[in-house]
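# Fold and contact review
One letter stands for each residue in the lines below.
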Amino acid sequence: METSIHPTAIISKHAVLEENVSIGPYSIIHDNVHLGSGGIVGPYCILGEPLANFYQDEVYENPTLDIGCDAVIRSQTILYAGSQLGDHLETGNRAIIREKSSIGHHVRIGMHAEIQGFCTIGNYTRINSAVHVGQFSMIGNFVWLFPFVVLTNDPHPPSEAVEGVKISDYAVIGAKSVLLPGIHIDSHALVGAGSVVYHDVPAGIVVAGNPARRIATIDQLKDRITGESTYPWPEHFSRGMPWQEVGFKAWIAGHSERKE
Amino acid sequence: METSIHPTAIISKHAVLEENVSIGPYSIIHDNVHLGSGGIVGPYCILGEPLANFYQDEVYENPTLDIGCDAVIRSQTILYAGSQLGDHLETGNRAIIREKSSIGHHVRIGMHAEIQGFCTIGNYTRINSAVHVGQFSMIGNFVWLFPFVVLTNDPHPPSEAVEGVKISDYAVIGAKSVLLPGIHIDSHALVGAGSVVYHDVPAGIVVAGNPARRIATIDQLKDRITGESTYPWPEHFSRGMPWQEVGFKAWIAGHSERKE
Amino acid sequence: METSIHPTAIISKHAVLEENVSIGPYSIIHDNVHLGSGGIVGPYCILGEPLANFYQDEVYENPTLDIGCDAVIRSQTILYAGSQLGDHLETGNRAIIREKSSIGHHVRIGMHAEIQGFCTIGNYTRINSAVHVGQFSMIGNFVWLFPFVVLTNDPHPPSEAVEGVKISDYAVIGAKSVLLPGIHIDSHALVGAGSVVYHDVPAGIVVAGNPARRIATIDQLKDRITGESTYPWPEHFSRGMPWQEVGFKAWIAGHSERKE
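### Side note on the interface of chain C and chain A
- At the interface, 35 residues of chain C touch 42 residues of chain A.
- For the interface between chain C and chain A, the tally reads two salt bridges.
- Taken together, the connections running from chain C to chain A amount to 19 residue pairs in polar contact (both at pLDDT 80 or more).
- Across the side of chain C that touches chain A, the residue classes tally to 19 nonpolar, ten polar and six charged.

### Comments concerning the relation of the copies chain B and chain A
- Note on the identical chains: chain B maps onto chain A by a rotation of 120 degrees and an axial translation of 0.0 Å, with an RMSD of 0.0 Å. The transformation just described matches what one would write down for a three-fold rotation axis. Taking the C-alpha atom as reference, chain B places B:Asn210 closest to the rotation axis, 3.9 Å from it.

### Comments concerning the side chain of A:Thr125
Residue and element names in this part refer to chain A.
- Note on placement: Thr125 falls in the loop between strand 18 (120–121) and strand 19 (126–127).
- Given a relative accessible area of 0%, Thr125 falls into the buried group.
- In this structure, Thr125 is in contact with His106, Val107, Arg108, Ile139, Gly140, Asn141, Phe142 and Val143, ignoring residues within four places of it in sequence.

### Considering the interface of chain B and chain A
- Each partner contributes residues to the interface: chain B has 42 residues there, and chain A has 35 residues.
- Regarding the contact of chain B and chain A, the summed buried area is about 3100 Å², with carbon and sulfur atoms giving 60% of it.
- Sorting the residues of chain B by area buried against chain A places B:Tyr55, B:His156 and B:Pro158 first, and these three jointly supply 22% of that buried surface.
- For the pair chain B and chain A, the number of links is two salt bridges.
- Its salt-bridge partner being A:Arg239, residue B:Glu160 comes within 2.9 Å of it at the nearest N-O pair.
- Between chain B and chain A we count 19 residue pairs in polar contact (both at pLDDT 80 or more) in total.
- At the level of secondary structure, the elements contributing two or more residues to the side of chain B that touches chain A comprise strand 8 (46–49) and strand 11 (78–80) of chain B.
- Broken down by class, the residue content of the side of chain B that touches chain A amounts to 23 nonpolar, twelve polar and seven charged.

### Quick notes on empty space enclosed by the protein
- The final tally for this structure, using the stated rule, is two cavities of 30 Å³ or more.
- Around the largest cavity, the lining is made up of 15 residues, and of these A:Lys176, B:Lys176, B:Gly194, C:Lys176 and C:Gly194 lie nearest the centre.
- Classifying every residue of the lining of the largest cavity by side-chain character gives six nonpolar, six polar and three charged.
- Its volume calculated, the second largest cavity comes out at about 90 Å³.
- Together, A:His112, A:Glu114, A:Ala130, A:Phe148, B:His112, B:Ala130, B:Phe148, C:His112, C:Glu114, C:Ala130 and C:Phe148 line the second largest cavity.
- Partitioning the lining of the second largest cavity into residue classes produces six nonpolar, three polar and two charged.

### Considering the pattern of salt bridges
- Here the structure, examined in full by the defined rule, presents 15 salt bridges over all chains.
- A salt bridge links A:Arg108 to A:Glu90; its shortest N-O distance comes to 3.5 Å. On the criterion of sequence distance, the pair formed by A:Arg108 in strand 16 (residues 108–109) and A:Glu90 in strand 13 (residues 90–91) is long-range, its members being 18 residues apart.
- Of the charged contacts, one joins B:Arg224 and C:Glu163 as a salt bridge, the two residues approaching to 2.7 Å between their closest N and O atoms.

### Looking at the nonpolar core
- A:Trp233, B:Trp233 and C:Trp233 are the most contacted members of the largest nonpolar core, which totals 75 residues.
- Elements that contribute at least two residues to this core include exactly helix 1 (248–254) of chain A, helix 1 (248–254) of chain B together with helix 1 (248–254) of chain C.
- Each residue touching B:Trp233, except ones within four places of it in the same chain, is listed here: B:Phe142, B:Trp144, B:Tyr170, B:Val172, B:Met241, B:Trp243 and C:Pro158.

### Concerning the pairing of strand 31 (residues 213–217) of chain B
All names here are of chain B.
- Two elements, strand 30 (residues 205–208) and strand 31, share four bridges in a ladder whose sense is antiparallel. Its bridge partner being in strand 31, Val206 is matched across the sheet by Ala216.
- Counted along the chain from strand 30 to the antiparallel partner strand 31, the turn is four residues long, and its residue Gly209 has a positive phi close to 105 degrees.

### Looking at the sheet that holds strand 10 (residues 72–73) of chain A
- The twelve strands are arranged 1-4-7-10-13-16-19-22-25-28-30-31 (chain A) in an open sheet whose pairing can be described as mixed. Every interior strand has two partners, whereas the edge strands, strand 1 (4–5) and strand 31 (213–217) of chain A, have only one.

### Considering the sheet that holds strand 26 (residues 178–179) of chain B
Residues and elements named next belong to chain B.
- Read across the open sheet, the ten strands follow the order 2-5-8-11-14-17-20-23-26-29; overall the sheet is parallel. Of all the strands in the sheet, just strand 2 (10–11) and strand 29 (196–197) have a single pairing partner and so form its edges.
- Looking at chain direction, strand 17 (residues 114–115) and strand 20 (residues 132–133) are connected through two bridges and run parallel. Note on strand 20: the bridge partner recorded for Glu114 is His132.

### Details of the packing of aromatic side chains
Residue and element names in this part refer to chain C.
- Going through the model one piece at a time under the given rule, you end up with 66 aromatic pairs over all chains.
- With centroids separated by 5.7 Å and ring planes inclined at 85 degrees, the aromatic side chains of Trp144 and Trp233 adopt a geometry described as edge-to-face. Of this pair, Trp144 sits in strand 22 (residues 144–145) while Trp233 sits in the loop between strand 31 (213–217) and helix 1, and the two are 89 residues apart along the sequence.
- Assessed through its relative accessible area of 1%, Trp233 is described here as buried.
- Plain terms: the ring middles of Tyr170 and Trp243 are 6.4 Å apart, the flat faces sit at 45 degrees to each other, and that makes the pair tilted. Of this pair, Tyr170 sits in the loop between strand 24 (166–167) and strand 25 (172–173) while Trp243 sits in the loop between strand 31 and helix 1, and the two are 73 residues apart along the sequence.
- Among the residues examined, Tyr170 registers a relative accessible area of 6% and is labelled buried.
- Its relative accessible area of 0% is what places Trp243 among the buried residues.

### A look at the confidence of the model for chain A
- Overall, the predicted model of chain A reaches an average pLDDT of 96, with 98% of residues at or above 70.
- Across the assembled chains, the prediction reports ipTM 0.95 with pTM 0.97.

### Section: a nonpolar patch on the surface
Residue and element names in this part refer to chain A.
- A cluster of nonpolar side chains, namely Phe118, Phe136 and Val162, defines an oily patch on the protein surface of about 250 Å² accessible area.
- With respect to the helices and strands, Phe136 occurs in the loop between strand 20 (132–133) and strand 21 (138–139).
- Given the relative accessible area of 39%, Phe136 is considered partly exposed.

### Focus on unusual backbone geometry
- That bond from A:Pro157 to A:Pro158 is cis: its omega, -10 degrees, falls within 30 degrees of zero.
- Position of A:Pro158 among the secondary structure elements: in the loop between strand 23 (150–151) and strand 24 (166–167).
- If you check the backbone angles, B:Lys176 has positive phi at about 65 degrees while not being a glycine.
- Relative to the elements of secondary structure, B:Lys176 occurs in the loop between strand 25 (172–173) and strand 26.
- Classification of B:Lys176 as buried rests on a relative accessible area of 6%.
- One non-glycine residue, C:Phe148, lies in the positive phi region at around 70 degrees.
- Note on placement: C:Phe148 falls in the loop between strand 22 and strand 23 (150–151).
- The exposure class of C:Phe148 is buried, given its relative accessible area of 2%.

### Overview of the environment of C:His184
Residue and element names in this part refer to chain C.
- Examined against the element boundaries, His184 turns out to sit in strand 27 (residues 184–185).
- Beyond its immediate stretch of four places on either side in the chain, His184 contacts Lys166, Ser168, Asp200 and Val201.
- Only 2.8 Å separates the side chain of His184 from the side chain of Ser168, close enough to count as a polar contact.

The rules behind the values
Residues numbered from 1 in each chain as written. Chains lettered and ligands numbered in written order. Predicted model: local features only at pLDDT ≥ 70, side-chain atom pairs only at ≥ 80, totals over all residues. Heavy atoms only, no water. Contact = heavy atoms within 4.5 Å. Salt bridge = Lys/Arg side-chain N within 4 Å of Asp/Glu carboxyl O. Polar contact = N/O pair within 3.5 Å; in protein donor to acceptor, adjacent residues only side chain to side chain. Nonpolar A, V, L, I, M, F, W, Y, C, P; charged D, E, K, R; others polar. Least-squares fit on C-alpha atoms with pLDDT ≥ 70 in both. Helix = DSSP H or I, 4+ residues; strand = E, 2+ residues; numbered from the N terminus. Buried < 20%, exposed > 50% of the residue type's maximum accessible area, 1.4 Å probe, protein only. Buried area = accessible area lost by both parts, 1.4 Å probe. 1 Å grid on protein atoms, 1.4 Å probe; cavity = no way out; pocket = protein on both sides within 12 Å on 5 of 7 lines; lining within 4 Å. Points joined across faces, edges and corners; volume = space filled by probe spheres on them. Core = buried A, V, L, I, M, F, W, Y, C linked by side-chain atoms within 4.5 Å. Pairing = 2+ DSSP bridges. Phe/Tyr/Trp six-rings, centres within 6.5 Å; stacked < 30°, edge-to-face > 60°. pLDDT = per-residue confidence, 0-100. Patch = residues over 30% accessible without salt bridge, like charges linked within 9 Å, V, L, I, M, F, W, Y side chains within 5 Å. Areas by Shrake-Rupley, 256 points an atom, 1.4 Å probe, with all protein chains shown as cover.

In structure tokens:
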């Protein structure tokens, strides 16, 4: 692919585009954006959206937005200035990633999802459509947030206190669940759809309901038809994951020294 | 109305626009879109949004998007390539309909609603704002999905298993409810607002809560003020419906041979 | 700041822009929009979006959209024709305010939020991201609606009956709560995150759950770490509020004659 910039795109001369990028019609790239090689940007995207003080401050300078290589930024996505986004980022239509976020590689952010800023997200994490990730959330690697999950952060709203949610590697949060401020969802835990989670969830535990209560351990969950185990999910699902070729057990054995 | 295409619209020469259409400023119409006569397309719409393999495949060809006559496509709507959309479609601002969907006539899709693709939707169905219709959902005729309803489809997420929700004719799903994978909401059933529905709901039954439980039959529901019956809803509501002139009972009697 | 209108913006000659406004790229300003002085409008905004009868009526005339001074309208916001919006309005990306709404001054409407029209909203109210405010809602001053709150309005959907929610001054609605039609959340009441509220909530009462039940009075809520009271919130939070300089007690004493 050669570089291709639509004539209607508006690109700051203070932006840096590496080789072989594609910029769609009517997109806007602001000052101090660095787009890695091979990046594809759909129509009507905004890269480097100015922060709030742009509207108040005479001498505002747009902080750097750093996007890794081979990004796929779908139409109408808005990426604020001031974040570090890893290689192979993929966004759905109209995703928003606000400022001061640090996102790993091979991450997907779904349509209408909102990363509210000051967040840390690991590698290979999947954030589905219309998920709301509150400020100061800390999300590990290989985490799944299904549609319309909300991560809150204010223990007695409105206040100046902020307690971000923490989600460890491989955890799965079912659609439309709400996580209360400051809770920790530990590794491989599973939150059922529609839950309201007030308390920490230990590793490998399944919770559901409002308020969410412990209902099982993940190894007790079976396929309704085959009766086989369905969790830990990486042993059964590999599409787009680094263990796609060798399987999870072989892959994790080869990475046992790894610490996220 | 004569055909009117704003000079800033970007329209593929491989798109087919029938007579008397209107295309708003900054809209984009891709290859192989067929827009029926009388269609109105607001600003910043994308018709024929490319599918995922567009970003990976050198010889990608955009599948056909077929839109019936007299559509009203409000501003910032995104309609993916590869769907069949019936006459008199109406979309709210920023609705999204993804690929491989088959939608009947006189359907309305609200603002921010997401039809995730591979879905079947009947005639006269109303999908309100910010509803999320998971892949492989099957929705009948005259169905109402109120704001922020979510239809899930993965019985043990993340997995390769897919069990779409099925909703039969005249069913009503209250705002912000979640339907678990593979369940069937039968004809004229009613799901109260904010419910989390784990099990099938029989015809004419009312459920509510998390988990949703049976609370009544629809004929037990009365108007709080007048004490009169309020369901089946078609006997009391006709705006935009085909029985608007003659009333539901006369209309349904004339269609008794009808099978959806 | 001098007036600055991007050359790609499309501005009706029947729009009135006061002095010192800034209009971003690709924005559209329709007939009969009045934008007060100092207003900043980001890219891809639509001011004066036509109402539904525009699509049916040969002689449609766009009703007036009146926006006060010093507005900050972030990118992709859509403001319908036919509303009155007060000074110092601030919108997040892609907020939507529909017609026949009356909104006070110093109000913030978050990203993806939907004000569905025919609503009244007081001063200094904060409507966070992806909140859905149903038609005919009445919201007071200093009210907080946290992300993904839904205000419904149809007591037996679908019907022609409409009972808007009423929320009094200083009330706080936690993230992802649903308020059923016609209920009244009284002054300083607090609704916990993820609640489904079927009944009125008296002043100063805390409710939570599905169905929401009374769990405390607001003065019983303490900070988890310090043990200090956290409500009434205005005594502990002042950012952006008119009591920022003098404190809430002094400010309210000086406004004791005030009636909202």
